[in-house]
Amino acid sequence: MTIPFDAHCWAEIDLDALARNFRLIREKAAPAAVCAVVKADAYGHGDVMVARTLGAAGAAWFAVSSLAEARHLRRGGVEQPILILGMTRPECAGTLAAERITQAVYSPEYARALSRAAEKAGVKVAAHLKIDTGMGRIGFGACRDFEGAVSDLLECRSLPGLSVTGAFQHFSVADSLAEDDRRYTAEQYALFLRVVERLEAAGPLEMVHCSNSAGLTAHPDWSRGMVRAGVILYGQDPSAEVTFPGLTPVMSLKTVVSQVKDLAPGDSVGYGRTYMAGRALRAATVCCGYADGYSRCLSNLGTASLHGKPASVIGRVSMDQIVLDASNLPEVSAGDVATLLGPAPADSFARAASLAGTISYELLCAVARRVPRVYLRGGEVVKVLDYLDEE
């Protein structure tokens, strides 16, 4: 199947790789269910297409960050349960109930406000209680005041506008193998179990989940009833230390050569003249820049792939253009495809993130909306998602 699109700068999304990654995750998590985390437009991969693929593969739940993201999945035909991990304004209680969306409840004040709004709307909102075991963000603070947190959590279960169906927490350093971090993660897990034990003494919970991608990778025996798989779905390891064997990266960032020119010794490239040719070389300019999601921090550092050979980024990454050293590629010409992030010899997202001083999560999410997502199955294009073409 061939679908035309403007081959300028695009992200190829391998749906077969996505499905394979999911199967590996489900095997490791078994018998726990898998909640696929598709917030931030499925880490830049396109939430609806990713959710449909993972739903067909057996994802039991989906997790997002906001009501807008949850509603976008529902409009896209996603029927599985959806959990909002962040805040939703209590006034939206009616929408949460109507759309069958489960809301994270993270404080007694928020629980009461959501309950009042639900009663006013004549509905009950499904809720999972968020327990802060040491992440320090949102959640009932079980670290500092265990008994107080348990008391607040039990109160939430009795609020008339809420239907509490689950409880969860989030590991903060499960992606580290340092001794102190491993100890901290174990302490988080033990504290979570203590809280859940107290909650279930007052009545069973339908769903208990504590592991993110790093938690599942490092501690599959802690999966409980469900795991929340995020970055590993997309073929990226939680960290350089905690790696999930067998994953296949799902996204490649590609572009085309717009011009090839010869540079003489002493010629400069790009803003700031940060690269000066020390020899005669061939330079290939490509149609991508930091506005597309290729980090400016990769200036003079990144490596792309042209005709299956490495081509170094020279000069600063501009908003819309990058220059590559194509001296070892006499065959390169305008219109040729370059892979900026993806399979070797291009930088992987993980290597590029290391060079840029960040994490692969950020580079995936940074791929801009002006970059079409081109979905592949069996190596063939099955769909093109171009956000700029949306009405």
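Our subject is the structure that appears above.
Residues numbered from 1 in each chain as written. Predicted model: local features only at pLDDT ≥ 70, side-chain atom pairs only at ≥ 80, totals over all residues. Heavy atoms only, no water.

K.L.:
Explain the nonpolar core residue by residue, including any values.
P.N.:
Core analysis: the largest hydrophobic core is formed by 121 residues, its most contacted members being F62, V105, Y294 and L306. What Y294 contacts, discounting residues up to four positions off in sequence, is L253, C288, G289, G302, T303, V313, V317, I322, L340 and L341. Grouped together as the second largest cluster of nonpolar side chains are 8 residues, L263, L281, A283 and V323 included. (Core = buried A, V, L, I, M, F, W, Y, C linked by side-chain atoms within 4.5 Å. Buried < 20%, exposed > 50% of the residue type's maximum accessible area, 1.4 Å probe, protein only. Contact = heavy atoms within 4.5 Å.)

K.L.:
Break down the layout of surface pockets for me, with residues and values.
P.N.:
Put simply, the largest pocket is a space of about 660 Å³. Elements with a minimum of two residues in the lining of the largest pocket: α2 (39–43), α9 (213–218), β10 (226–229) and α11 (360–366). Here the lining of the largest pocket gets 3 residues from one element, more than from any other, and that element is α2. A per-class count over the lining of the largest pocket returns 17 nonpolar, 7 polar and 5 charged. (1 Å grid on protein atoms, 1.4 Å probe; cavity = no way out; pocket = protein on both sides within 12 Å on 5 of 7 lines; lining within 4 Å. Points joined across faces, edges and corners; volume = space filled by probe spheres on them. Helix = DSSP H or I, 4+ residues; strand = E, 2+ residues; numbered from the N terminus. Nonpolar A, V, L, I, M, F, W, Y, C, P; charged D, E, K, R; others polar.)

K.L.:
I'd like a rundown of the packing of aromatic side chains, residues and numbers included.
P.N.:
Note on aromatic pairs: each is described by the distance of the centres and the angle between the planes. Counted by the stated rule, this structure contains 5 aromatic pairs. Ring plane angle 40° and centroid distance 5.8 Å describe the contact between F171 and W222, whose orientation is recorded as tilted. Separated by 51 residues along the polypeptide, F171 in the loop between β8 (162–168) and α8 (179–201) and W222 in the loop between α9 and β10 bring together distant segments of the chain. Among the residues examined, W222 registers a relative accessible area of 12% and is labelled buried. (Phe/Tyr/Trp six-rings, centres within 6.5 Å; stacked < 30°, edge-to-face > 60°.)

K.L.:
How would you summarise the packing of helix α1 (residues 15–29) against helix α3 (residues 47–57) if you had to cite specific residues and measurements?
P.N.:
It is the contact of α1 with α3, at a shortest axis distance of 10 Å, that shows an interaxial angle of 45°. On the basis of the axis angle, α1 is oblique to α3. Classified by chirality, the crossing of α3 by α1 is right-handed. Contact with α1, carried on its side by L15, L18, F22 and R26, involves M49, V50, T53, L54 and A57 of α3 and no other residues of that element. Looking at the contact of α1 with α3, its residues break down into 7 nonpolar, 1 polar and 1 charged. (Axes fitted to C-alpha atoms, helices over the stretch in contact; angles between N-to-C directions. Parallel < 35°, antiparallel > 145°, perpendicular 65-115°, else oblique. Left-handed = near helix turned anticlockwise from the far one by under 90°.)

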